[in-house]
Each structure stands twice: as structure tokens, then as C-alpha cells.
Amino acid sequence: MVIKNFCLLVCLISGLSGICQQPDSLSAYYSRKTKTYLDKDGVLGMHYSIGINGVSIYKDAAAKKINRPEYYLGWNELGIYRNVMKNAPRQEAIRIMREKGSGPFQEEIIARYKSGKTNIPPSVQEKPLSGYRIVIDPGHFGSDSATSRMEDKYIDFNIPTGRDSERVTFFEAALTFKTASFLADSLNKLGAMVLLTRQAPGLTAFGKTFEQWKKDDYTRTLDSLLKIYPSDKNLHVLKMGRIKDDKAVFRYVFRDAELRKRSEIINAFKPDLTIIIHFNVDEANKDWKKPTTKNFSMAFVGGAFEAGELSDPERRFDFLRLMLTNDLEESVRASGIAAKHFKEKLHVPLAKRTDAAYLVQSCVPAGEPGVFCRNLSLTRLVQGPLIYGETLYQDNLIECKRFDADCNARIERAEASRVKQVADAYVAAILEWRME
């Protein structure tokens, strides 16, 4: 696999000496990587060209036809580029690349980023994760029925029990936050510096509830989005007040803004690893009104861009970043380790591509069991290695009872908690990732 063979090219890409002694090898490697993991259906060729001298990114087919690249990176610039992507704040990196365009890096940029920095500590430490910076992102935010239904991230149904039935009710955001809390506690004890993107149940990444955000920030955020997307009909309808329900506000304004806030928090911390915690459901179990017998775990990394998904400059920026940094390779490695521990410690199989329609339609196998490239907001916006875990099916007949007990305080011992077992699987994966 292309990703697994990345280490074979390390000698070709080392800091400023990344000037290609074998440019044909670099061209071949990044061409395979792009076609296999980033350009999902092979329909994005109008936006890029990978040649013997470097990589060009184009706005559209017309720009490519006249060879007017939006960005050009020569192989001899790869060391500087990777240092910029690793160390510059995201908006600063975007500014640097826009100013560079198809020309050389400015001299001051070369001077500032000629040597890479690293957060990885020395190999001998008092605690195994001393010096490591790890972000934990507990997915979603709903802490009650109203907000969780607005997100469509809840389970509420009856389970037949002989002549009677048992009701289970819980929210995914509660599962992710409980898992994150267990995980953060363990990682702190192992010496890691840990940051959570949400600080308490019910809080969003903005540090306030959805209702507080709507009161304080909704109008300003809507106006900002209208400047960016002036032709968006949904935003205009909301601005005119024709639709006022929270679900529309969440879908068209809040969701993207909050995911961007999460990525800002993560990137500002400059973590060595980001853990994005989610729990899954059976897509075929319509509306999750009854339990399913299916149960899988999986993990996502960046890539799998589809037709039309390079239509704006920021996405082209991230396409190039995922192509030329080793964020994708490192994410696959970390996620492969995590998926292995999900299977071993949770005793649930890893998903194969045929186990869900979206894995076929929107994903590309990443070369490790249970790991898939998928162009999600956070797999695209977060810089550095990440594990985007989707463990277990919440609507599974057995799991839903365990999760209901976890969320409704019917667990006497932490060891009996299913979310604690998930957290322990992440801990084992992080420790193995650190040792490799």
C-alpha cells in the first residue's frame, strides 16, 4: 500500500535537504497517494498536476489549461512547506501559501521556517507520555432531549423483554463526554498534557450552551456566513426570519461554525495527536426506533475528496496539505493501531467497506483494517495526526442497554462501564502509537 510504504521515501524528504535526488520517485509516490486516497473517484484531475519538478494546484480546468496554478510547490521546497504546515497557525499558513502562489517562498518565510520544530519528547521519561500534547474532542454537545433531537444524535426506543419491554434513552454527546473524561484522566496520569475541546456536558466548543450561543452569536455568525456565501438560499431565508426553528439554525449556521471552532482549538494547541470521539449507529436501522443486531467499530482519516469538493480555495489548500505533509500517513498509522485495540478490547468486529453504504459511497479504504479515508470537516481541518473513532453501534441490542446504564448512572463500578472500556482501548492505542 502507498501509505505503508511512506517510510521508504523518508530519505528523499528530510527538512531542507528534501530537494529531490530522485524526483521521479517523489512524483510517483505522491501521484499514487493522491489517486488512491485523496481523489476518490478520479474526477479531480482538473485541480492538480504532479510532475517531475513538483506539484501544481489549479482553481479549475480553465486555469490548468493555460497553466496558471493557484499554488506551486517544487520538490526542493517541500521541507519548508512541511515546516510551515506543522508550525504556522492555520490562517497564517493559508496567508503564506496565498502570497507564495506559484512563485518561491519569501526569504523571511524561508528564514523563519528553515528548521522544523517538534513536540515529541526524549525517549526516556519518568512517565510514558510525559511531554506529549494530546487533544480530545468529544463529539456533539446535546445534554437533553431537545438539543439531542436537534442534532439527531439520540437513542430512544423500547426493547422487548418477554411479555414486557424496557425503555432505553440516552444521547451520543453524553457517551462521548464520559469517554473523554475517562480518557483524559488516564492520559494525565501517564504524563500527557491534555486539552478537551468541550469543557463540560452540554457546553459547545464555544464554551457556552447552544441557547447561549444563539442569543450571543447567532446574528453575527449568520451575517458573516452571508458575506462568504452570498447566494446561499437557506441563509437568506433565515436572515429574513421565515424559518426560526432551532433545527434550521443548527443545520445551516451553527454546525459548521462549531466544527470550525473545534478545529481552531485543536490547531492552536499544536497537539502531537488528536482523538476525536464518536459512537456509531446502524444506517439501515431507519430513525433508530428499534434495536439492531449489527455492531462494528471503525476509524476515519482525511482524504476521499469527491466531485465538486475542491470548488473553494480553502479546500484546495487542505487537499495540498494532505497530499504533501505526512499528516495522512501518520493518521492512518495511529488509527490502525486504535482500530486493532477497538477489536481486541471491545470484542466487536471492525467494519469492512461492504458493511455500510456510506463506506462505499463516500470513503476509501486507508490500508489498515477498519480505517477509511473520509472527507469530514474535522479530518480536513485538523492539522497533525488524528484518530477519528466511531466505536460500536449505539442502537445495537446489547450496546444500547450498556450505554443506557452508563448515561443514566446505573453503573456502580467504573470498570463495568462500556464507555470506560472504550476509553481504555484509546489509552492502549496511544501508548502503542507512542512506542512505534
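## A closer look at the environment of L195
Okay, so step 1: Mapped onto the elements of the fold, L195 is located in strand β7 (residues 193-196).
Okay, so step 2: Taking the relative accessible area as the measure of exposure, L195 reaches 23% and is therefore partly exposed.
Okay, so step 3: On a C-alpha basis, the gap between L195 and I265 in space is 9.0 Å, while along the polypeptide they are 70 residues apart.
Okay, so step 4: Contact partners of L195, with chain neighbours within four places excluded, come to I134, V135, I136, I265 and F269.

## Points about the layout of surface pockets
Okay, so step 1: Computed from the structure, the second largest pocket encloses a volume of approximately 150 Å³.
Okay, so step 2: The wall of the second largest pocket is formed by F141, G142, S143, D144, A146, T147, M150, G202, T209, F210, E211 and D246.
Okay, so step 3: When residues of the lining of the second largest pocket are traced back to their parent elements, those giving at least two are α6 (145-151) and α8 (210-228).
Okay, so step 4: If you tally residues by element for the lining of the second largest pocket, the top one is α6, at 3 residues.

## Here's the deal with the packing of aromatic side chains
Okay, so step 1: All chains considered together, the criterion is met by 20 aromatic pairs.
Okay, so step 2: For the pair Y48 and F319, a centre-to-centre distance of 5.5 Å together with 40° between the ring planes defines the contact as tilted. With Y48 in strand β1 (residues 48-50) and F319 in helix α11 (residues 313-324), the pair connects residues that are 271 residues apart, well separated along the chain. Across the pair, exposure class does not vary: Y48 and F319 are buried alike.
Okay, so step 3: Their ring planes at 65° and their centres at 5.9 Å tell us that F170 and F403 sit as a pair that is edge-to-face. Of the two residues, F170 sits in strand β6 (residues 164-171) while F403 sits in helix α15 (residues 397-407), which places them 233 residues apart along the sequence. Accessibility classification places F170 together with F403 in one group, the buried group.

## Notes on the sheet that holds strand β11 (residues 371-374)
Okay, so step 1: Taken in spatial order, the 7 strands of this open sheet run β7-β4-β8-β12-β9-β11-β10, and their pairing is mixed. Both edges of this open sheet fall to β7 and β10 (363-365), since each of them pairs with a single strand only. On average, each strand axis in the sheet is inclined to that of its neighbour by 30°, with strand direction left out of account.
Okay, so step 2: The sheet contact formed by strand β8 (residues 273-280) and strand β12 (residues 386-393) spans 7 bridges and is parallel. Residue pairing in the sheet places T274 in a bridge with L386 of β12.
Okay, so step 3: Along the sheet face, helix α7 (residues 172-189) touches β4 (133-138), β7 and β8 and points at about 145° away from the line of β8.
Okay, so step 4: Each of β4, β8 and β12 touches helix α16 (residues 418-435); the most contacted strand, β8, lies at about 150° to it.

## As for the packing of α8 against helix α10 (residues 246-269)
Okay, so step 1: Closest axis-to-axis distance for the α8/α10 pair is 10 Å, and the angle between their directions is 70°. For the element pair α8 / α10, the angle class is roughly perpendicular. For the pair α8 and α10, contact is made by F210, E211, W213, K214, Y218, T221, L222 and L225 and by D246, V249, F250, Y252, V253, F254 and A257, respectively.
Okay, so step 2: Split into classes, the residues belonging to the contact of α8 with α10 amount to 11 nonpolar, 1 polar and 3 charged.

So, how was this worked out
Residues numbered from 1 in each chain as written. Predicted model: local features only at pLDDT ≥ 70, side-chain atom pairs only at ≥ 80, totals over all residues. Heavy atoms only, no water. Helix = DSSP H or I, 4+ residues; strand = E, 2+ residues; numbered from the N terminus. Buried < 20%, exposed > 50% of the residue type's maximum accessible area, 1.4 Å probe, protein only. Contact = heavy atoms within 4.5 Å. 1 Å grid on protein atoms, 1.4 Å probe; cavity = no way out; pocket = protein on both sides within 12 Å on 5 of 7 lines; lining within 4 Å. Points joined across faces, edges and corners; volume = space filled by probe spheres on them. Phe/Tyr/Trp six-rings, centres within 6.5 Å; stacked < 30°, edge-to-face > 60°. Pairing = 2+ DSSP bridges. Axes fitted to C-alpha atoms, helices over the stretch in contact; angles between N-to-C directions. Parallel < 35°, antiparallel > 145°, perpendicular 65-115°, else oblique. Nonpolar A, V, L, I, M, F, W, Y, C, P; charged D, E, K, R; others polar.

On their own, these measurements won't tell you what the molecule is for.
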